[in-house]
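# Breakdown of the fold
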Amino acid sequence: MSDENTPDDDFQEMLRRLLGGADGASPFGASGIDPEQLGRMGVDPAMLQQMMGALQGAMSGASEGIDWGATRVGALHLANQSSRGIASTQRADLGQAFQLADLWLSEATALDATGETPRVFTRGEWVEQTLAVWQELAEPVATSIADALTGALSAQAPEEMEGMIQGAQRMLRAVGGSLFATQLGQVVGRLSLEVVSGGDVGIPLLPAGMAAILPQNFADLGDGLEIPDDQLALYFAARELAHARLFKHARWLRLGVMSQVTDFARGIHVDTDALEDLATRFDPSHPEELQGALQSGALLPQQTDAQRAALARLEHMLALVEGWVDVVAADATSRVPSLDRIAEVTRRRRAAGGPAEDALAALVGLELRPRRLREAAAMWRAVGDAVGASARDALWDYPDLVPTPEDIDDPTALIARLEASLRGDSAPRDEMDDALDRLLAEAAGSDESDDQDETGEGPRPV
């Protein structure tokens, strides 16, 4: 091929070789893609390696779905670039903090200890432990983008290449999935540089009952705060153990949180008009436009009403979890001199999120931030002060007992019900009781009407 070829000429020639081979041979064989040709197109070697793996899997029939190997490779690459090992002194110090925090937690909550040994993770280990949950979270979006990319590229293909494109639908779908999987790997990798503990993001990333801290990120967090490391360690150990106790006790909670994520993801679709417009302008020598569209969320249209409802339920549950953890951890570490400063820094950090969380929100359209964290914490504090830790924590026993958004607004009615239950009295009536009575009355009236005969002379004799 002449060196005077344009990038578009290179791209079309590459597609011909890739889809059918210049002489009918394997596109990955001797007559396949020329590495020098890809170099002239400005393709990143690491990205190429991941993409070629997906293409080879698709061509061989080995890959029927999204190839998440690119996510793992990309995430671990970022996580391990600046990762440091865990020193024995760090393990010992955090181990002691976990032990003491666990003792203090038993005084602050009625929920039992998990019985599992807390973990300390490197950034790479955190990626390995949480990758399955990220895949579950992102798969609906990846599938949608892969399908839309297949349709858009097929629609924009030159007429003389239409037959080849139609014959390579599975391969093109793998390309779209690989692009998204690679981008997700970048997000998870950047998150590994920020998270301090297993429960830091909000959703249950680790198995129920597992508590973990990342010593390297914990050390970075303490820089500039002028707070003794041992006090920070006690507070974050208490938060992480409280989070682990909660998800171990309330076994329904993990499914409850992830089902809200699933409900949200089920409504995700790709803006095909935007994708087709991008395809018409796509310059293979400048792939950063497609990468930027994925990063910015430009391919995800505005949320539907159903998605907004699912997001509201998820944010409510995250606020309840984070608020409860805030209160319990504060009670457990009340002996820590710098508690107020540490707790405030933690709340602000959690509410603001970070660059990686912003990237995740753009990529899948989902923000994992408890917007009503302070209000939920104030509600849990009021309930605990009124009825004690045991009655407060019993609200996590079943999903229909957890406080509602209205309870966060004003916990008075919730507290009154709990106080009446503790006294053995009938709970004060509320709007729910009145609505239930009306439904029962309507049902009784309907049954009585059904029992009357056709002449309207009253109930039929039994």
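Keep in mind the model is a prediction, meaning the values are calculated, not measured.

Attention now moves to the pattern of salt bridges. If you walk through the whole model with that rule in mind, you get 17 salt bridges. Across the pair R372 and D409 runs a salt bridge, and its minimum N-O distance is 2.5 Å. Note that R372 is positioned in the loop between α16 (355–364) and α17 (373–387) and D409 in helix α19 (residues 405–409), a separation of 37 residues in sequence. Here R372 falls in the partly exposed class, since its relative accessible area comes to 30%. Take D409: its relative accessible area is 54%, and that puts it in the exposed class. The structure contains a network of salt bridges with shared partners spanning R239, E322, D326, E344, R347, R348 and R374.

Attention now goes to the nonpolar core. Counting 97 residues, the largest nonpolar core has W126, W134, L253, W324 and W396 as the members making the most contacts within it. Sorting elements by how many residues they give to this core places helix α14 (residues 305–332) first, with 13 residues.

This part is about empty space enclosed by the protein. Using the criterion set out here, one finds 5 cavities of 30 Å³ or more in the structure. Estimates place the volume of the largest cavity at around 120 Å³. If you trace the largest cavity, you find it lined by S197, G199, D200, F236, R239, E240, H243, E322, V325, T346, R349 and R350. Of all the elements in the fold, those that place two or more residues in the lining of the largest cavity are α10 (229–249), α14 and α15 (339–352). At 4 residues, α10 tops the list of elements feeding residues into the lining of the largest cavity.

What follows deals with helix α4 (residues 69–81). Counted at 1.5 Å a residue, the expected span for α4 with its 13 residues is 18 Å, and the 18 Å between its end C-alpha atoms agrees. Among the residues making up α4, those that are buried are A70, T71, G74, A75, L76, L78 and A79.

Bringing a negative patch on the surface into the picture now. Residues D93, D223, D229 and D230 make up a contiguous surface patch of negative charge. Of note, D93 is situated in helix α5 (residues 88–108).

With that out of the way, let us pick up α14. Along an α-helix, residues three or four apart share an orientation, since each turn contains 3.6 residues. Here α14 spans 40 Å end to end across 28 residues, near enough to the 40 Å set by a 1.5 Å rise per residue. Across the 28 residues of α14, 21 count as buried, placing the element largely inside the fold.

Reading the values: the criteria
- Residues numbered from 1 in each chain as written.
- Predicted model: local features only at pLDDT ≥ 70, side-chain atom pairs only at ≥ 80, totals over all residues.
- Heavy atoms only, no water.
- Salt bridge = Lys/Arg side-chain N within 4 Å of Asp/Glu carboxyl O.
- Helix = DSSP H or I, 4+ residues; strand = E, 2+ residues; numbered from the N terminus.
- Buried < 20%, exposed > 50% of the residue type's maximum accessible area, 1.4 Å probe, protein only.
- Core = buried A, V, L, I, M, F, W, Y, C linked by side-chain atoms within 4.5 Å.
- 1 Å grid on protein atoms, 1.4 Å probe; cavity = no way out; pocket = protein on both sides within 12 Å on 5 of 7 lines; lining within 4 Å.
- Points joined across faces, edges and corners; volume = space filled by probe spheres on them.
- Expected span 1.5 Å × (residues − 1).
- Patch = residues over 30% accessible without salt bridge, like charges linked within 9 Å, V, L, I, M, F, W, Y side chains within 5 Å.
- Areas by Shrake-Rupley, 256 points an atom, 1.4 Å probe, with all protein chains shown as cover.
- Lys, Arg positive; Asp, Glu negative; His and termini not counted.
- Charge placed at Lys NZ, Arg CZ, Asp CG, Glu CD.

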